[in-house]
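Working through the structure, step by step
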Amino acid sequence: MVPSWINGLRVPLLVCFVALLGYAGLLLLYGNAPAVTDAGYQPTQPVPFSHAVHAGELGMDCRYCHSSVEKSAFATVPATSTCMNCHQNILGNSEQLVPVRESHETGLPVTWTRVHDLPDFAYFDHSAHVRRGVGCVSCHGRIDTMDESGVYQDQPLSMGWCLECHRNPEPHLRPLDQVTNMTFVPPDGDQLALGRELRKSLNLNPSTDCSTCHR
Ligand code: HEC
Ligand code: HEC
Ligand code: HEC
Ligand code: HEC
Ligand code: HEC
């Protein structure tokens, strides 16, 4: 005999099951849609901005322009006023900077094209990584060498890729003051030992529950 309280649960359970199936189907559909960007993707930008010049040669820290990266889920692309801090004076007549000056005059933002773009059903948070010892270079590659042809997507950003590091973060961990250093290597060369030590001291436990990234 099936107890009657289980009978009462049958319909809600069935509804849950169907809803879950529908959700998984939607995820599959979006996961394969062409809007999801792929490794190597390099759109042409309205201004030939070079990270190799600004972050490489001039040695500017990433956070000068991507100032919210440690505080919020989004890194954000800098406002025109950030560029004008220097380009008010430096290269004030450059052809390449016409869209920046126009934006400054009109107040309309420069229309940068997004490079990295997860589907909406996947949740990502920059501060949760950058404040826990995961450096930009692990996910974006050598941005400081990307020139005026633009930023490209270096890593697949697939679910398997996220999970690989959540299961085994040690090869990627670094001291918190080194997260924007593109060429960090541990002083004694032993990345795994450093990774284990940092994981322990920061008490890191990256989750692999579906709800961490699908909420
Ligand atoms: C002088 C300002 C400036 C500095 C410094 C800077 N960036 Fe950027 N970054 C930009 C601008 C402007 C864009 C948008 C244009 C583009 O994508 O090339 C951008 C785009 C990006 C993107 C692609 C965003 C997208 O659309 O997906 C990444 C990733 C990035 N920067 C990472 C970094 C890292 C890592 C550093 C430090 C090594 C850094 N940036 C330093 C200005 C800057
Ligand atoms: C800290 C100062 C500083 C800031 C902030 C800055 N730049 Fe620059 N930028 C420079 C310098 C210096 C050069 C010249 C580098 C060289 O020629 O070696 C330059 C060169 C450039 C050039 C090449 C122009 C040409 O005619 O050769 C472009 C385009 C450019 N910057 C865009 C931007 C944009 C867009 C931003 C804002 C996201 C920005 N810069 C923010 C200092 C800055
Ligand atoms: C653990 C991986 C990871 C790390 C570490 C990381 N990013 Fe990202 N970044 C991403 C992903 C994934 C996206 C796309 C997010 C989306 O579409 O919601 C992204 C997007 C961006 C963007 C585009 C704007 C946005 O927020 O979507 C910028 C700019 C950027 N990252 C800069 C940085 C900088 C600078 C650092 C280091 C201080 C950094 N990222 C560290 C994975 C990472
Ligand atoms: C290179 C390693 C690495 C990669 C790649 C990575 N993560 Fe993480 N992630 C971590 C670490 C380390 C933490 C911090 C865990 C902790 O605080 O205990 C974290 C934390 C998170 C959190 C916060 C969890 C919470 O409990 O608040 C989210 C959300 C997340 N990751 C999503 C993603 C997604 C989505 C991707 C792929 C687009 C991704 N991560 C790729 C290492 C990584
Ligand atoms: C650490 C973050 C993370 C965790 C944990 C995670 N996912 Fe994902 N998932 C993603 C990202 C990011 C994508 C988008 C991948 C892309 O655009 O290529 C994704 C995509 C998917 C897709 C779409 C198909 C595909 O493979 O692209 C399905 C279905 C899915 N996830 C189900 C799940 C289930 C079920 C779980 C729990 C067992 C889970 N995910 C756990 C990050 C995560």
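To be clear, the structure that these remarks concern was listed above.
Notes on the structure in this doc start here. Predicted model only: the values in this text are computed from it and were never measured.

1. Considerations on helix α9 (residues 191-201)
Where α9 is concerned, the buried positions are Leu 194, Gly 195 and Leu 198. Considered in projection along α9, the buried side chains sweep an arc of 100 degrees and stay on one side of the axis. Counted as exposed and oriented over 90 degrees from the buried face of α9: Leu 192, Ala 193 and Lys 200. At the exit of α9 stands Asn 203, carrying a positive phi of roughly 55 degrees.

2. Considerations on unusual backbone geometry
In the Ramachandran plot, Leu 91 falls in the positive-phi region, its phi being about 55 degrees despite a non-glycine side chain. If you trace the backbone, Leu 91 turns up in the loop between α4 (80-87) and α5 (98-106). The phi dihedral of Asn 203 is positive, around 55 degrees, even though this residue is not glycine. Assessed through the 7 C-beta atoms surrounding it within 10 Å, Asn 203 is described here as exposed.

3. Things to note about the site of ligand 1
By nearness alone, 24 residues border ligand 1, and Cys 62, Cys 65, Val 115, His 116 and Cys 136 come closest of all. Sorting the residues of the shell around ligand 1 by element identifies α2 (51-57), α3 (62-65) and α7 (136-140) as the ones contributing at least two each. Here the residues of the shell around ligand 1 are counted per class, giving 14 nonpolar, 8 polar and 2 charged.

4. What about the nonpolar core?
Ala 55, Cys 62, Val 69, Val 130, Val 134, Cys 136, Cys 139, Leu 173, Val 179, Leu 194 and Leu 198 form the largest nonpolar core, which has 11 residues in total. Elements represented by at least two residues in this core include exactly α7 and α9. What Val 130 contacts, discounting residues up to four positions off in sequence, is Val 69, Glu 70 and Val 179.

Thresholds, definitions, all that
Residues numbered from 1 in each chain as written. Chains lettered and ligands numbered in written order. Predicted model: local features only at pLDDT ≥ 70, side-chain atom pairs only at ≥ 80, totals over all residues. Buried ≥ 20, exposed ≤ 12 C-beta atoms within 10 Å, placed from the backbone. Helix = DSSP H or I, 4+ residues; strand = E, 2+ residues; numbered from the N terminus. Arc of directions from axis to C-beta. Near = placed C-beta within 6 Å. Nonpolar A, V, L, I, M, F, W, Y, C, P; charged D, E, K, R; others polar. Core = buried A, V, L, I, M, F, W, Y, C linked by C-beta atoms within 7 Å. Contact = placed C-beta atoms within 7 Å.

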